[in-house]
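Okay, here's what each chain looks like letter by letter:
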Amino acid sequence: MNSNKISIQVGCAVAGSGLLISLSALMSAQAVPAGTRSAGSLIFRRQCASCHGEKGEGTKRYQHPLAGTRSEGELTRFIAKTMPPGPRKCALPDAQKVASYIYDAFYSSLAQARNKPARIALSRLTVRQFRNAVADLIGSFRQPDPRDVKRGLRAEYFQAKNFDDDERLVKRVDPEVHFDFGTDVPAPGKFNAHQFSIRWQGGVLAPDSGDYEFVVRTEHACRLWVDDEKRPLIDAWVKSGNDNEYRGSISLLGGRVYPIRLEFSKSTQGVDDTDKQKGKPAPKASIALEWRRPKQAVEVVPQRCLVPDEVAPAFVTTTPFPPDDRSIGYERGTSVSKSWDEATTSAALETGSYVVSHLAELSGTADNAADREAKIHTFCRQFVERAFRRPLTDDLEEFYVTRQLTARPDTATAVKRVVILAMMSPRFLYREIGSGNPDAYDIASRLSFGLWDSLPDQVLLKAAAAGLLSTRDQVVQQAQRMAQDPRAWFKLRQFLLQWLKVDQVPDLAKDPKTYPGFDEASASDLRTSLELFLENSVWTDRSDFRELLLTDKMYLNGRLAKLYGASLPADAPFQPVSIETNERSGVLTQPYIMASFAYADNSSPIHRGVLLVRNLLGRTLRPPPAAFTPLPASMHPNLTIRERVTLQTKPAACISCHGMINPLGFTLERFDGIGRLRERENGQPIDCSGSYRSSTGQEVKFTGARDLGRYLVGSSEAHAAFVEKLFQHLVKQPVRAYGPRALNDLQRSFEANEFSIRKLMVEIMAETALKR
């Protein structure tokens, strides 16, 4: 082979388009004869090393190392078919020899592990972990969030405009606040339609982290408190003008419940008792509590996000942080920049100010209490211990607590210094400081950050203190308990959204001519539909990976039912619906996914195929060597999008990747740009046939999404990819750092446990928590 001709092609296609196969498949590959390796080494040194380096490390001419995830057979086929560019190709025997050498020397996962072994890297808290840890640290001094399954808000209806218990006529739980009373009374009883008041209380669950805009719509007086019992987020108690819409914004952490209180008062001005007694009609009254979740449309706050129980306030630091590195597919805290250091300092100052302003509540003592000094010392010691995730030694208590409290005559300043010192300490900011041989408290932190992205709770710390985290069975017992916590679901939910590449809430703007009736509200409803689908498929006792990929159920409300052809009333709430049972295949055909990986006016086999290749099958693709612009439909108006994609990706520089991307993406062509089933495009029948060549060389053919779904649930590659990606999301470390068989063992346990995703979470923690 001519080195000048093969440099770009081998670099792009072999290193860049390498295909991930499971470690078990690599380990079971047949040994390469020594003679073959020697001959391949000679060919490589003579014809390839000048561009790729003596050890495939790359050169100035081609900087990417020859490390990828194609199987040896795939490398052989690729080299024989495409190398070198031009009419003369590498003979098959030589292709086999050089592929065997490349694969064994530095290309395969085993070679990479041998040449550069993975290790468990010291890392700081990610931004998500930092914010969660601070919220739970403050929250540990308050009552815990409710854990029951009740939903809705406590409602009290009063016959007067004041909230006097003697005037209360009705007490109940309302599922949502969305009422149009008209000129009537709000409930049966001795109400006067001219004057009454209502108070709703409880908690609101934030599904996502970010800025929330709350909206109250009413013609009358209202006030709304969210996570602050003293200062209203919205205050329209004294009305002026004709406004009937009021807004307020607040930052919330996803997966947590915040106290909420809404008060409404109808008191008709200028109407005396005589007029009321004469039966003059009362003015109309309505009220709705809505919100705009991050990057979504305004909607009524749904029942599933409301709880009627009393909820303690939560502290959420609003300090902006630089984003974490996600270049290798998952968040990790492996770099410390000046901006990150400044952010942690600002957040520590913000937290210190909050603690001082709530010191009486958090420490459980009044300003004039005789034991105030002792209780504040106890609070400060407990604060630092919980921040450090372990008991303090005498020396640490002296430095972080006693010295600060005695050095300043001002108690508020002293407490603030304690908080700031603790939060700026490496013992808070970094994981497993000095724990090459982890103790019980390190194990507790591994469990809590793995499952919750936060600090250990008191149950876990007590288990560590009692020596009950020393065996695998003990770790499993704690992990099973923790996996029931809503924080575990929130972390798993984040993983699923990242796995499906929709965690950043993609823009679903669609061409109104092509998809009439699809608007911002529809896009927001589709997001809710996906979230309900994931929760009811995964956060269950079965938690079955197979059901996730095969069920024909979708979650639709009345508005979406009209778009997708389901028979539901126009005002129907979200509910599971089975339509097109022979075509739908779980999350693969969920409308939000189909709409997210599509163009504004059509489907996109390429975007859908890339999702399948990278995320469902775990294969690696580099970006194309040049900017990709799809052929506009106007250039070939009579072609289907399948035909246009095939035409555009036909060149050899494209087909090395698109030979796998396109056939997978084509299997989903029955679903248009918003995920509706279709039969024809441009007057032609839809062709949804596709294929896939596995890492073992087996070619599988599909006739649509259902075939693809059935293949994925039985595919060892898909299982290994899912296990590895979930591992990375939970542990924030490479799976290879836990031994050459860690992935293989977890994959086997996943299959043995009937593909339970929740049990897989527990197994991952059992695999990693005790690692030395």
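Residues numbered from 1 in each chain as written. Predicted model: local features only at pLDDT ≥ 70, side-chain atom pairs only at ≥ 80, totals over all residues. Heavy atoms only, no water.

A word on the overall build of the chain. Counting secondary structure elements, the chain contains 30 helices and 18 strands. The C-alpha radius of gyration computed for the chain amounts to 30 Å, which stays within 12% of the reference 28 Å derived for 772 residues, consistent with globular compactness. The principal-axis extents of the C-alpha atoms in the chain amount to approximately 100 × 75 × 45 Å. Taking all 772 residues of the chain together, the buried fraction comes to 54%. A separation threshold of at least 6 residues defines the contact pool for the chain, and within that pool the share at least 24 residues apart is 72%. Approximately 34,000 Å² of the chain is accessible, and the part contributed by carbon and sulfur atoms is 50%. (Helix = DSSP H or I, 4+ residues; strand = E, 2+ residues; numbered from the N terminus. Rg over C-alpha atoms; globule rule 2.2 N^0.38 Å. Buried < 20%, exposed > 50% of the residue type's maximum accessible area, 1.4 Å probe, protein only. Contact = heavy atoms within 4.5 Å. Areas by Shrake-Rupley, 256 points an atom, 1.4 Å probe, with all protein chains shown as cover.)

Moving on: the confidence of the model for the chain. On average, residues of the chain score 89 in pLDDT, and 91% of them are at 70 or above. The low-confidence segment residues 1–32 (pLDDT under 50) makes 103 contacts with residues lying over four places distant or belonging to another chain. (pLDDT = per-residue confidence, 0-100.)

In this section: the packing of helix H18 (residues 472–482) against helix H30 (residues 757–769). At a minimum axis distance of 9 Å, the contact between H18 and H30 shows a crossing angle of 140°. Between H18 and H30, the crossing angle belongs to the class labelled oblique. By crossing handedness, the relation of H18 to H30 is classed as right-handed. Taking contact as the criterion, the partners of Arg-472, Val-475, Val-476, Ala-479 and Gln-480 in H18 are, on H30, Val-762, Glu-763, Met-765, Ala-766 and Ala-769. Along the lines of polarity and charge, the residues of the contact of H18 with H30 split into seven nonpolar, one polar and two charged. (Axes fitted to C-alpha atoms, helices over the stretch in contact; angles between N-to-C directions. Parallel < 35°, antiparallel > 145°, perpendicular 65-115°, else oblique. Left-handed = near helix turned anticlockwise from the far one by under 90°. Nonpolar A, V, L, I, M, F, W, Y, C, P; charged D, E, K, R; others polar.)

Its location among the elements puts Ala-49 in helix H4 (residues 49–52). For Ala-49, a relative accessible area of 6% puts it in the buried group. Once residues within four sequence positions are removed from consideration, Ala-49 is found in contact with Phe-44, Glu-54 and Thr-59.

Once that is clear, we can look at the environment of Gln-382. Summarising the element assignment, Gln-382 is placed in helix H12 (residues 372–388). The exposure class of Gln-382 is partly exposed, given its relative accessible area of 25%. Each C-alpha atom of the pair Gln-382 and Val-401 lies 9.8 Å from the other, and the pair is 19 residues apart in sequence.

Quick look at the nonpolar core now. Counting residues in each nonpolar core, the largest one holds 105 residues, and the members touching the most others are Leu-447, Leu-492, Trp-499, Leu-534 and Leu-726. Of all the elements, H30 adds the most residues to this core, at eight residues. Once residues lying within four places of it in the same chain are set aside, the contact partners of Leu-534 are Trp-489, Leu-496, Leu-497, Leu-500, Trp-539, Leu-548 and Val-587. Counting 39 residues, the second largest nonpolar core, distinct from the first, contains Leu-153, Phe-191, Phe-214 and Phe-264. (Core = buried A, V, L, I, M, F, W, Y, C linked by side-chain atoms within 4.5 Å.)

A bend of about 30° at Val-401 is the largest found in helix H13 (residues 394–407). Among the residues of H13, those classed as buried are Leu-396, Glu-397, Tyr-400, Val-401 and Gln-404. For H13, the elements touching its buried residues are H12, helix H14 (411–424) and helix H15 (426–429). (Bend = angle between axes of the 7 residues up to and from the residue.)

This paragraph deals with unusual backbone geometry. In this structure, Arg-389 takes a positive phi of about 65° despite not being glycine. Checked against the element boundaries, Arg-389 lands in the loop between H12 and H13. When its relative accessible area of 3% is taken as the criterion, Arg-389 is described as buried. Although it is not a glycine, Lys-732 adopts a positive phi angle of roughly 65°. With respect to the element layout, Lys-732 can be found in the loop between helix H28 (716–731) and helix H29 (742–752). With a relative accessible area of 10%, Lys-732 lands in the buried category.

With respect to the helices and strands, the residue Gln-474 is situated in helix H18. Within the local environment of Gln-474, its side chain forms a polar contact with the backbone nitrogen of Ser-470, the two atoms lying 2.8 Å apart. In this view, Gln-474 contacts Gly-467, Leu-468 and Leu-469; residues no more than four positions away in its chain are not counted. (Polar contact = N/O pair within 3.5 Å; in protein donor to acceptor, adjacent residues only side chain to side chain.)

Pairing geometry for strand S17 (residues 690–693) and strand S18 (residues 699–702), over four bridges, is antiparallel. Within the sheet, the bridge partner assigned to Gly-690 lies in S18 and is Phe-702. Where S17 folds back onto S18 in an antiparallel hairpin, the turn is made up of five residues, including Gly-697, whose phi is positive at roughly 95°. (Pairing = 2+ DSSP bridges.)

Moving on: the side chain of Lys-510. Topologically, Lys-510 is positioned in the loop between helix H19 (486–499) and helix H20 (520–538). If near-sequence neighbours (up to four positions away) are discounted, Lys-510 is found in contact with Tyr-515, Phe-518, Ala-595, Ala-598, Tyr-599, Ala-600, Gly-673 and Ile-674.

With that settled, consider H30. It helps to recall that an α-helix has 3.6 residues per turn; residues three or four apart then point in one direction. Between its first and last C-alpha atoms H30 spans 18 Å; for 13 residues at 1.5 Å apiece the expected length is 18 Å, and the two agree. Most of H30 sits out of view: eleven of its 13 residues are buried. For H30, the complete set of buried residues consists of Ile-757, Arg-758, Leu-760, Met-761, Val-762, Glu-763, Ile-764, Met-765, Ala-766, Thr-768 and Ala-769. Residue Ser-756 occupies the N-cap position of H30, its side-chain oxygen lying 3.2 Å from the main-chain nitrogen of Lys-759. (Expected span 1.5 Å × (residues − 1).)

A pair of packed helices is characterised by two quantities: the angle between their axes and the separation of those axes. Here helix H16 (residues 440–452) crosses H18 at 30°, and the two axes come no closer than 11 Å. The angle between H16 and H18 falls in the class roughly parallel. Crossing handedness for the pair H16 and H18: right-handed. When H16 is examined against H18, the residues Ile-443, Leu-447, Ser-448, Leu-451 and Trp-452 are found in contact with a partner set consisting of Val-475, Gln-478, Ala-479, Arg-481 and Met-482. Residues that form the contact of H16 with H18 fall into these classes: seven nonpolar, two polar and one charged.

Bringing the packing of aromatic side chains into the picture now. A complete count under the given rule lists 33 aromatic pairs for this structure. Ring geometry for Phe-158 and Phe-163: centres 5.4 Å apart, planes at 85°, overall edge-to-face. Clustering of aromatic rings is evident, with ring pairs tying together Tyr-157, Phe-179, Phe-181, Phe-191, Phe-196, Trp-200 and Phe-264. Sitting above the plane of the Phe-141 ring, Arg-386 keeps its charged end 4.3 Å from the centroid. We note Arg-487 situated over the ring of Trp-452; from NZ or CZ to the ring centre the distance is 3.8 Å. (Phe/Tyr/Trp six-rings, centres within 6.5 Å; stacked < 30°, edge-to-face > 60°. Lys NZ or Arg CZ within 6 Å of the ring centre and 35° of its normal.)

Here the focus is the pattern of salt bridges. Scanning the entire structure with this criterion turns up 49 salt bridges. In this structure, Arg-487 engages Asp-485 in a salt bridge whose closest nitrogen and oxygen atoms are separated by 3.1 Å. Where Asp-525 meets Arg-559, a salt bridge forms, and the shortest distance between an N and an O atom there is 2.6 Å. Placement of the pair is Asp-525 in helix H20 and Arg-559 in helix H22 (residues 558–564), with a sequence separation of 34 residues. Residue class for Asp-525 comes out buried when judged on its relative accessible area of 3%. You can call Arg-559 partly exposed: its relative accessible area is 43%. Linked by salt bridges that have partners in common, Glu-213, Arg-217, Glu-245, Arg-247, Glu-290, Arg-292 and Glu-520 make up one network. (Salt bridge = Lys/Arg side-chain N within 4 Å of Asp/Glu carboxyl O.)

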